[in-house]
Structure formats: C-alpha cells, structure tokens
Amino acid sequence: DFSIRAQATYKGKIDLDSSDVRKRLISEPLVTVASSVYLNDHPAPQTPEDLANHRCLYSKSLVSGNKWQFFLNGKMSIYNIPNFFECDNSEILKRLALNHAGIAYLPKSLVGEDIKQGRLNSILDNYMASTFDISLFYKRREHYPARLSLFKDYLIEKLEARLATKRKAESP
C-alpha cells in the first residue's frame, strides 16, 4: 500500500508512475565534495565540465549513475562523468572521498559535518545540484483502511517534528 523511495530528483524529472500520490518527506541538496589532499593533487574543477578530468565516485541508485545534474542561472545541464568508481552505499563513497580517492556527489546531511570540520571541501558551489529526496508513495484511493491512514499520518507527523527539532538545533 505504501512505498518509501530515496532518490535524487531534479527539475523536470518525471515520476514513472503518476498514478501514485507522492508525499516528499525529506528534501536536501546534493553537494560535490573532495578532500584537500585530493584537490592538492588534482586542481579543483571550476565547472561541471571539468569533472571529465577527475576521479568521480558515484552511486547509480542515488543519481542515475554517471549522470550528474547541475543548475546555473536557471538552466539545467546533465554531465556524464567518467566511470571511475560506482558503489550503491553513500557511506562508502563518503569514506572514499575522505581517503582522497576522488570527488563524490552526496547528500548534504551525510557530508555537512565533514565540510564544517574541514575534512571535505565543497566544490562547484556556484552550481545548484540535484536534491536527495525521501518520499512516501501511495495509491490514490477514496477510502483507506484506518490503520493505513493512521500509519501515514503518524510517519509524516513524527518526521516533520524531528526535522523541525533538527533545524532549530542547527540555527544560530
């Protein structure tokens, strides 16, 4: 009756099953990151096109493989990055970036503390990236069994409360 999907989305992306109702639970930017050691050995990319000259670490399930989307001045562009290392575990990609293996494209919540502590550098900051979304999908129905409606409402309420608490703790 329900599915929860975690995926990168970008402006203009069409969901394959439009008969489902989508309730976005979390949406956060993806950021392009690399370690200082990697960037000392490889000049930081100034544009997404420069990624062609770098070792890129990516998750096929997170961002459609080696196609990374960026926006500049309202225009979206998709860049085919080199096939260097693919792994469907964002934590492993983060560890590889921390260990100077290349450039990763990951959710900000996953790498934000590493950026703040100087372990990773955010690059291509002038370009807006895709977002990482966790969404609840469910079928359109006139009447839902009470237990399903209660579960959906409970999930949304608890997640929104947790996110509000987190935002409040992060604000200055």
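Everything below is about the structure shown above.
The structure reproduced in this document is the subject of the present report.

Cut-offs and rules
Residues numbered from 1 in each chain as written. Predicted model: local features only at pLDDT ≥ 70, side-chain atom pairs only at ≥ 80, totals over all residues. Heavy atoms only, no water. Core = buried A, V, L, I, M, F, W, Y, C linked by side-chain atoms within 4.5 Å. Buried < 20%, exposed > 50% of the residue type's maximum accessible area, 1.4 Å probe, protein only. Helix = DSSP H or I, 4+ residues; strand = E, 2+ residues; numbered from the N terminus. Contact = heavy atoms within 4.5 Å. Salt bridge = Lys/Arg side-chain N within 4 Å of Asp/Glu carboxyl O. Polar contact = N/O pair within 3.5 Å; in protein donor to acceptor, adjacent residues only side chain to side chain.

Take the nonpolar core next. Counting residues in each nonpolar core, the largest one holds 19 residues, and the members touching the most others are Leu51, Trp68, Phe70 and Ile103. If you list the elements that add at least two residues to this core, you get strand S2 (20-34), helix H1 (36-41), strand S3 (56-58), strand S4 (67-72) and strand S7 (103-107). Those residues within four positions of Leu51 in sequence are excluded, and the remaining contacts are Pro45, Cys56, Trp68, Phe70, Ile81, Pro82, Ile103 and Leu124. Leu57, Ala101, Ala104 and Leu110 belong to the second largest nonpolar core, which has twelve residues in total.

This next bit is on the pattern of salt bridges. For the structure shown, the criterion picks out five salt bridges. In this structure, the salt-bridge partner of Arg22 is Asp133, at a minimum N-O distance of 3.2 Å. Linking Arg22 in strand S2 with Asp133 in strand S10 (residues 131-139), this pair joins segments that are 111 residues apart in sequence. Looking at Arg22, the relative accessible area reads 25%, which means it is partly exposed. Judged by relative accessible area, Asp133 falls into the buried class, the value being 0%. Put simply, Glu160 and Lys23 hold a salt bridge, and the shortest N to O gap is 3.7 Å. Of this pair, Glu160 sits in helix H5 (residues 146-170) while Lys23 sits in strand S2; the two residues are 137 residues apart in sequence, bridging distant segments of the chain.

Here we come to the side chain of His54. Tracing the backbone shows His54 in the loop between H1 and S3. One polar contact links the side chain of His54 to the main-chain carbonyl oxygen of Pro43, over a distance of 3.0 Å. Beyond its immediate chain neighbours, meaning those up to four positions away, His54 contacts Tyr38, His42, Pro43, Ala44, Pro45, Pro82 and Ile103.

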